[in-house]
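# A look at the structure
This is what each chain is made of:
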Amino acid sequence: MNPMPERAWRDSRPKIAAIAGRPVHLAGAEAKSPGSRPARLPSGLRVYAIGDVHGRADLVGARIAEIESDLTRDPPGDYRIILLGDYVDRGPASRKVIDILIGAQGRHGERLVLLKGNHEELFLEAIADVNSAPAGDWVLNGGMETLESYFGKNWSANLPARGSIENLFPPEHVRFLKDLRLSHRLGDFLFVHAGIDPQLPWNEQERDPEILLWIRSKFLDWPDPLPVVVVHGHTPQGRIEHKINRLNIDTRAYRSGNLSCVRMENDGYQLLGMDGHG
């Protein structure tokens with residue numbers, strides 16, 4: 001089988017010291033939006049942002065319940081719950097994760113914002129043609145666990161060797177995957193799975209999954225402020241990672257047991273539940 005593309009799986013970089021604590025202010029020299037103004041959300045809006053889930057239905061179910069309790073205890077003027085993609089693969093319960101998120105859509109409607117990750121892109125490409133290169137890449141990089149969650153340990157004996165298998169999945173799951181967004185902007189913050197190209201105008205990349213779902217070094221190593229503060233996942237770290245121009249909340253939930261969630265208001269954030277350390 002073909003190895004995974006270098007763009008996604010062979011990129012490495014030194015870890016950056018994280019800022020952990022409650023609350024942390026995305027202000028001053030640490031995180032600025034256009035000009036010299038601190039990055040802020042719209043007044044009265046609270047955002048809960050959740051990192052990469054990767055098949056951990058137990059963790060995402062608990063996180064959403066925790067958010068709902070927080071909303072009841074301390075209701076804001078308005079809110080959004082934003083998940084940054086990579087709901088499937090690697091962990092043991094991808095099918096249940098999608099069921100949980102579909103259920104949450106019914107309760108929260110448009111206030112639940114579901115972004116696409118590179119693993120959802122691979123999932124869709126793979127089930128469109130199981131004999132394709134993306135299908136081989138997907139199985140080797142977490143797709144096997146997803147197939148097991150749908151078809152059991154004997155999945156390979158029960159699936160055809162070529163062609164589309166999309167019709168073997170629940171239609172509401174396929175629709176869920178196809179409806180995922182690439183990005184979402186609120187105030188001075190852009191929420192996206194992997195990151196952005198700091199050298200391209202936004203209108204040249206806003207519909208480009210090759211950048212928004214896969215980018216790493218060019219974005220991660222960019223040293224200067226950007227027009228927005230980017231809240232992202234995709235590149236797992238042992239803890240929440242906060243830099244001048246971005247906030248990485250992928251803490252390798254499928255392995256660490258820590259599905260990070262940040263509660264954001266105005267120009268600050270708090271870590272909800274666990275402290276952001278793996």
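Moving on, we come to the overall build of the protein chain. In terms of regular secondary structure, the protein chain is built from ten helices and eleven strands. Here the protein chain holds 278 residues, and the buried ones make up 52% of them. A total of about 11900 Å² of accessible surface is found on the protein chain, and carbon and sulfur atoms cover 49% of it.

On to the pairing of strand β10 (residues 261–265), then. Taken residue by residue, a regular strand's side chains alternate between the two faces of the sheet. Of all five residues that make up β10, four are buried, and the element is covered over most of its length. Pairing of strand β2 (residues 45–50) with β10 involves five bridges; the strand directions are antiparallel. What sits directly across from I50, in β10, is C261. Adjacent in sequence and paired antiparallel, β10 and strand β11 (residues 268–271) are bridged by two residues, among which N266 carries a positive phi angle near 55°.

Right, let's talk about the sheet that holds strand β7 (residues 229–232) for a bit. Across the sheet, which stays open at both edges, the five strands sit in the order β5-β6-β7-β9-β8 with mixed pairing between neighbours. Pairing within the sheet leaves two strands with one partner each, and these edge strands are β5 (183–186) and β8 (241–242).

Bringing the packing of helix α4 (residues 118–128) against helix α7 (residues 171–178) into the picture now. Between α4 and α7, the least distance of the axes is 10 Å, while the angle of their chain directions is 130°. When the interaxial angle is binned, α4 and α7 end up oblique. Viewed along their axes, α4 and α7 form a crossing whose handedness is left-handed. For the pair formed by α4 and α7, the contact residues are E120, F123, L124 and I127 on the first element and V174, L177 and K178 on the second. Counted by class, the contact of α4 with α7 contains five nonpolar, no polar and two charged residues.

This paragraph deals with the packing of helix α3 (residues 94–108) against α7. At their nearest, the axes of α3 and α7 sit 10 Å apart, and the two run at 75° to each other. What the angle tells us is that α3 and α7 run roughly perpendicular. Between α3 and α7, the residues in contact are R95, I98, D99, L101, I102 and Q105 and E172, H173, F176 and L177, respectively.

Confidence in the prediction of the protein chain, expressed as mean pLDDT, is 87, and 85% of residues score 70 or more. Note that pLDDT drops below 50 for residues 1–35; the model gives that stretch 100 contacts with residues more than four away or on any other chain.

Okay, the pattern of salt bridges next. This structure, assessed with the given rule, holds 18 salt bridges. In the salt-bridge network here, residues are joined through shared partners; they are R46, D70, R73, D74, R263 and E265.

Next up on the list: helix α2 (residues 57–73). The end-to-end C-alpha distance of α2 is 24 Å, a good match for the 24 Å that 17 residues give at a rise of 1.5 Å each. Here α2 has its buried residues at A57, L59, V60, R63, I64, I67, D70 and L71. Taken down its axis, α2 places every buried residue within 165° of arc, on the same side. More than 90 degrees from the buried face of α2, the exposed residues found are T72 and R73. Its buried side turned inward, α2 meets β2, β3 (78–83), α3, α10 (253–256) and β10.

Counted by the stated rule, this structure contains seven aromatic pairs. Ring geometry for Y87 and F176: centres 6.0 Å apart, planes at 65°, overall edge-to-face. Separated by 89 residues along the polypeptide, Y87 in the loop between β3 and α3 and F176 in helix α7 bring together distant segments of the chain. Taking the centre distance of 5.4 Å and the plane angle of 70° together, the rings of F123 and F169 count as edge-to-face.

The phi torsion at H54 lies on the positive side, around 50°, for a residue other than glycine. Residue H54 is classed as buried on the basis of its relative accessible area of 4%. Despite not being glycine, H234 has its phi angle at roughly 80°, a positive value. Inspection of the secondary structure puts H234 in the loop between β7 and β8. By relative accessible area, H234 is classed as buried at 4%.

So, how was this worked out
Residues numbered from 1 in each chain as written. Predicted model: local features only at pLDDT ≥ 70, side-chain atom pairs only at ≥ 80, totals over all residues. Heavy atoms only, no water. Helix = DSSP H or I, 4+ residues; strand = E, 2+ residues; numbered from the N terminus. Buried < 20%, exposed > 50% of the residue type's maximum accessible area, 1.4 Å probe, protein only. Areas by Shrake-Rupley, 256 points an atom, 1.4 Å probe, with all protein chains shown as cover. Pairing = 2+ DSSP bridges. Axes fitted to C-alpha atoms, helices over the stretch in contact; angles between N-to-C directions. Parallel < 35°, antiparallel > 145°, perpendicular 65-115°, else oblique. Left-handed = near helix turned anticlockwise from the far one by under 90°. Contact = heavy atoms within 4.5 Å. Nonpolar A, V, L, I, M, F, W, Y, C, P; charged D, E, K, R; others polar. pLDDT = per-residue confidence, 0-100. Salt bridge = Lys/Arg side-chain N within 4 Å of Asp/Glu carboxyl O. Expected span 1.5 Å × (residues − 1). Arc of directions from axis to C-beta. Phe/Tyr/Trp six-rings, centres within 6.5 Å; stacked < 30°, edge-to-face > 60°.

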